[in-house]
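Read off the chains here:
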Amino acid sequence: MGISAFFRLFQPKDKVFYSLFEQVVDNLASMSKDMVEGMKSRETITEAFYKKMEDYEHANDKLSHNIFIELGKNFITPFDREDIHQLTSALDDIADILFASCKYILLYKSPYIPAYYTFANLIYDCVLELQKAIYNLRNFKKPKEVLASCVEINRIENVADDFFSKEMGDLFESKRDVLDIIKLKNVLEYLEDVTDKCEDSANIIESILVKYS
Amino acid sequence: MGISAFFRLFQPKDKVFYSLFEQVVDNLASMSKDMVEGMKSRETITEAFYKKMEDYEHANDKLSHNIFIELGKNFITPFDREDIHQLTSALDDIADILFASCKYILLYKSPYIPAYYTFANLIYDCVLELQKAIYNLRNFKKPKEVLASCVEINRIENVADDFFSKEMGDLFESKRDVLDIIKLKNVLEYLEDVTDKCEDSANIIESILVKYS
Amino acid sequence: MGISAFFRLFQPKDKVFYSLFEQVVDNLASMSKDMVEGMKSRETITEAFYKKMEDYEHANDKLSHNIFIELGKNFITPFDREDIHQLTSALDDIADILFASCKYILLYKSPYIPAYYTFANLIYDCVLELQKAIYNLRNFKKPKEVLASCVEINRIENVADDFFSKEMGDLFESKRDVLDIIKLKNVLEYLEDVTDKCEDSANIIESILVKYS
């Protein structure tokens, strides 16, 4: 029996879900921190960086799967089964699309633009707030703190949205090669989509809060 | 205490949601009416038009937020909390994407095509039916009328879909500059997406009807 | 009274839903089988092929509509009304996007690439597993078999995802005309999206299983 399985014997069954969601956001936080490092320059977007991002994405898949397995085993859950399912999927989407954005930069041999680094930082900020929100969600004891994080994620998503618009406008004016414009547009869309999925997750957390507090 | 807050004291608590949804579709109706005006020609797509659309979009955000706040305060709701949440999000998507389509025409310095005006009219027609559906949803007293509006929205969405396909086919044959084709394709996709979101809203309304009538 | 209506008198009311979902996946199986035939070469992607795909798509719309009508008539359902609604929509998305991918090849006068045929086969494999999953879902008597199909659909979707990435990378290296690249990219995105919707359907089926077995 692994150490975590051993400790789980001592905690009420429905607490398992809090732990699993905390592991998911911890994984997302490490993933987006390493993304910031990788996006610093064209030189840091390497095969090794790609591989690291893929590992995080697989780790997230595994955790999502564990949550679904626990859903099958536990009759009692801290909040509605549908909400657990939705939140798991939304957080998994973050890992998927974050990985996709990194993958396509390499795969398309996309030119490097500093906007990649700016976006990585915005994503990291969103994920840190998501991490706070999930930790504060435990036992519904800190509803105000959870809500504050959700509001902050919505704010960052608006900043990301404006930044995306500006970059896209500049891109079309850039006199770059059309194929490069297509590649850059595609990666920027993925990056902006990551912040959308963070907002989706925040909205699901907010709606869980509305139901139970 | 504002006048509306004063009047709300006299209506049963769960009626608040009907009023709020009615305000949302009233806002969407004004927004899409002004969109028709703006899309008449290249000259009417101005900064002032953009600003007006942005104001409608913000007004919609505010109303959505009010609905979520009422959800937190009211134990009794006229239909499931999840349905209120979903419908609010779907109607908010309409405002978001409608605004985005106008924004990108300006931002990309997109060429003007008459299809923009045709789409604005199709969207306006959809929104007027949504407005009817939401007003007739009150107290579930007019299920047939609600259903008729939902059917009509589905019909208009099909028309929009066919129109979009035809325009896209023409666009690729147009011998236009490739960058212009990319811009026009992008805006047309947003416009078509608005009618998709109207259909999503109609489908949610229909499923609420199925549950409660 | 039609034969099917006659037989339905003899089965418990809530069994109607199983029959309807079986008809949906049977239709999808025929649709994707014919898609494989059509995608064999540029010559087989004809107006007749387009028409056949459109008929399947309309047949799916009709079946979805019947499910919604039965939802309105039946108080007792084999699983949650929301789940029936979600699964119906997800299966309908498969038919819609599968049809769209075929439509745009013709409409855009897209060049033909063998990847279209490979994708058609991957989609057919996914749909056959969906068909098995739906048939085995009846009365929740074969949960393991249902789960195995869902796992297999997830596996095929991963293969499709990798194949899509590889094709997109190759496409940008291909020295093709930019407009052709845009067309091919667009169709490949639709094809990949079909397998995503198969995975969505599998995930909904899995979550229904989790709730009821």
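Note: the structure precedes this text.
Within any chain, residue numbers begin from 1 and follow the written order of that chain's sequence. Working convention: letters from A go to chains and numbers from 1 go to ligands, in the order in which they are written. Side-chain atom pairs in this predicted model are given and counted only at pLDDT of 80 or more, local residue features only at pLDDT of at least 70, and totals for whole chains, interfaces and linings cover all residues. With hydrogens and water stripped out, all remaining heavy atoms of the structure feed into the side-chain values.

Draft legend 1. Geometry of the overall build of chain A. Numbering of helices and strands runs from the N terminus, with a helix taken as a DSSP run of H or I at least four residues long and a strand as a DSSP run of E at least two residues long. When you go through chain A residue by residue, the secondary structure sums to 7 helices and 0 strands. Along chain A, helices and strands appear, N-terminal first, in the series α-α-α-α-α-α-α. Put simply, the radius of gyration uses C-alpha atoms, and a globule should come to 2.2 Å times the residue count raised to 0.38. The C-alpha atoms of chain A give 18 Å as radius of gyration, which agrees with the globular expectation for 213 residues (17 Å, within 12%). Seen along its three principal axes, the alpha-carbon backbone of chain A occupies a region of about 60 × 35 × 25 Å. In this scheme, a residue with accessible area under 20% of its type's maximum is buried, one over 50% is exposed, and one in between is partly exposed, where area comes from a 1.4 Å probe on protein chains only. Counting over 213 residues, chain A shows a buried share of 56%. Note that accessible areas follow from Shrake-Rupley with a 1.4 Å probe, and for residues the cover is restricted to the protein chains shown. Carbon and sulfur atoms provide 55% of the accessible area of chain A, an area that totals close to 9,400 Å².

Draft legend 2. Quick look at unusual backbone geometry. Residues and elements named next belong to chain A. For Lys175, which is not a glycine, the phi torsion comes out positive at approximately 60 degrees. Of note, Lys175 is situated in the loop between helix 6 (143–173) and helix 7 (178–212). On the basis of relative accessibility, which here comes to 79%, the residue Lys175 falls in the exposed class.

Draft legend 3. Representation of helix 2 (residues 15–38) of chain A within the structure. The end-to-end C-alpha distance of helix 2 of chain A is 35 Å, a good match for the 34 Å that 24 residues give at a rise of 1.5 Å each. The buried fraction of helix 2 of chain A amounts to 18 of the 24 residues, a majority that puts the element mostly inside the structure. A helix's residues, less one, multiplied by 1.5 Å, set its expected span.

Draft legend 4. Expanded view of the relation of the copies chain C and chain A. The copies were overlaid with a least-squares fit restricted to C-alpha atoms from residues scoring a pLDDT of at least 70 in each copy. Overlaying chain C with chain A gives an RMSD of 0.0 Å, the required rotation being 120 degrees about an axis along which the chain moves by 0.0 Å. Here the symmetry operator amounts to a three-fold rotation axis. Every residue of chain C has its C-alpha some distance from the rotation axis, and the shortest such distance is that of C:Val178, at 4.4 Å.

Draft legend 5. Region of interest: the relation of the copies chain C and chain B. Least-squares fitting of chain C to chain B yields an RMSD of 0.0 Å, with the transformation described by 0.0 Å of translation along the axis and a rotation of 120 degrees. Any two residues having at least one pair of non-hydrogen atoms within 4.5 Å are treated as being in contact. The two copies present different faces, since only 12% of the interface residues in chain C are matched by interface residues at the equivalent positions in chain B.

Draft legend 6. Focus on the interface of chain C and chain B. With 16 residues of chain C at the contact, the number on the chain B side is 17 residues. Buried area counts how much accessible surface, traced with a 1.4 Å probe, disappears from two parts once they are put together, with both parts' losses summed. With both chains or domains summed, chain C and chain B bury close to 1,400 Å², and 64% of this area falls on carbon and sulfur atoms. Area buried by chain C at its contact with chain B is led by C:Tyr108, C:Leu179 and C:Ile182, which between them contribute 30% of it. The term salt bridge refers to a pairing of a side-chain nitrogen on Lys or Arg with a carboxyl oxygen on Asp or Glu at a separation within 4 Å. Linking chain C with chain B are 1 salt bridge, by the criterion used here. The partner of B:Glu173 in a salt bridge is C:Lys109, and the shortest N-O contact between them spans 3.7 Å. When residues of the side of chain C that touches chain B are traced back to their parent elements, those giving at least two are helix 3 (47–73), helix 4 (81–107) and helix 7 (178–212) of chain C. A total of 6 residues in the side of chain C that touches chain B trace back to one element, the largest contributor, which is helix 4 of chain C. The nonpolar class holds Ala, Val, Leu, Ile, Met, Phe, Trp, Tyr, Cys and Pro. Asp, Glu, Lys and Arg form the charged class, and all remaining residues, Gly among them, are polar. Its residues assigned to classes, the side of chain C that touches chain B comprises 8 nonpolar, 3 polar and 5 charged.

Draft legend 7. Quick look at the packing of aromatic side chains. Think of it this way: a Phe, Tyr or Trp ring, Trp meaning its six-membered ring, pairs with another when their centres are within 6.5 Å, and the plane angle makes it stacked under 30 degrees, edge-to-face over 60, tilted otherwise. Evaluated as defined, the whole model comprises 27 aromatic pairs over all chains. Summarising the aromatic geometry, the rings of B:Tyr104 and B:Tyr190 are spaced 5.1 Å apart at their centres and angled 15 degrees between planes, so their arrangement reads as stacked. Taken together, the residues span a long stretch of sequence, with B:Tyr104 in helix 4 (residues 81–107) and B:Tyr190 in helix 7 (residues 178–212) at a distance of 86 residues. For B:Tyr104, a relative accessible area of 2% puts it in the buried group. Cluster of aromatic residues (ring-pair linked, three or more members): A:Tyr18, A:Phe21, A:Phe79 and A:Phe140.

Draft legend 8. Region of the structure containing the packing of helix 2 (residues 15–38) of chain C against helix 5 (residues 115–137) of chain C. Residues and elements named next belong to chain C. For every element, the axis is a line fit to its C-alpha atoms; helices are fit only across the contacting stretch, and the angle between N-to-C directions ranges from 0 to 180 degrees. Put simply, helix 2 and helix 5 touch, their axes get as near as 9 Å, and they point 165 degrees apart. On the basis of the axis angle, helix 2 is roughly antiparallel to helix 5. Relative to helix 5, the crossing made by helix 2 is left-handed. For the pair helix 2 and helix 5, contact is made by Tyr18, Phe21, Glu22, Val25, Asp26, Leu28, Ala29, Ser32, Lys33, Met35 and Val36 and by Tyr117, Ala120, Asn121, Ile123, Tyr124, Val127, Leu128, Leu130, Gln131, Ile134, Tyr135 and Leu137, respectively. Partitioned by chemical class, the residues of the contact of helix 2 with helix 5 number 17 nonpolar, 3 polar and 3 charged. For this classification, under 35 degrees means roughly parallel, over 145 means roughly antiparallel, 65 to 115 means roughly perpendicular, and everything else is oblique. Here a crossing is called left-handed whenever its near helix is offset anticlockwise from the far helix by less than a right angle, and right-handed whenever the offset is clockwise.

Draft legend 9. Looking closely at the interface of chain C and chain A. Contacts between the two partners involve 17 residues from chain C, matched on the other side by 16 residues from chain A. Between chain C and chain A lies a buried interface of about 1,400 Å² when both sides are counted; carbon and sulfur atoms form 64% of it. The largest share of the area that chain C buries against chain A comes from C:Ser165, C:Phe172 and C:Val210, three residues that together contribute 37% of it. Seen at the junction of chain C and chain A, the total is 1 salt bridge. Per-element tally for the side of chain C that touches chain A: the top contributor is helix 7 of chain C, with 9 residues. Looking at the side of chain C that touches chain A residue by residue, the class counts come to 7 nonpolar, 4 polar and 6 charged.

Draft legend 10. View of the packing of helix 2 of chain A against helix 4 (residues 81–107) of chain A. Residues and elements named next belong to chain A. The interhelical angle for the contact between helix 2 and helix 4, taken along N-to-C directions, is 15 degrees, at an axis separation of 11 Å. Judged by the inter-axis angle, helix 2 sits roughly parallel to helix 4. Taken as a pair, helix 2 and helix 4 cross one another with a handedness that is left-handed. Of the residues in helix 4, those touching helix 2 at Phe17, Phe21, Val24, Val25, Leu28, Met31, Ser32 and Met35 are Ile84, Leu87, Thr88, Leu91, Ile94, Ala95, Leu98, Phe99, Ser101 and Cys102. Across the contact of helix 2 with helix 4, the residue classes break down as 15 nonpolar, 3 polar and no charged.

Draft legend 11. The pattern of salt bridges, seen in detail. The final tally for this structure, using the stated rule, is 33 salt bridges over all chains. Among the ionic pairs, B:Lys132 bridges to B:Glu129, the shortest N-O distance being 3.2 Å. Of this pair, B:Lys132 and B:Glu129 both sit in helix 5 (residues 115–137), 3 residues apart, roughly one helical turn. Judged by its relative accessible area of 44%, B:Lys132 is partly exposed. Taken together, the shared-partner salt bridges in this structure form one network comprising A:Lys51, A:Glu54 and A:Asp55.

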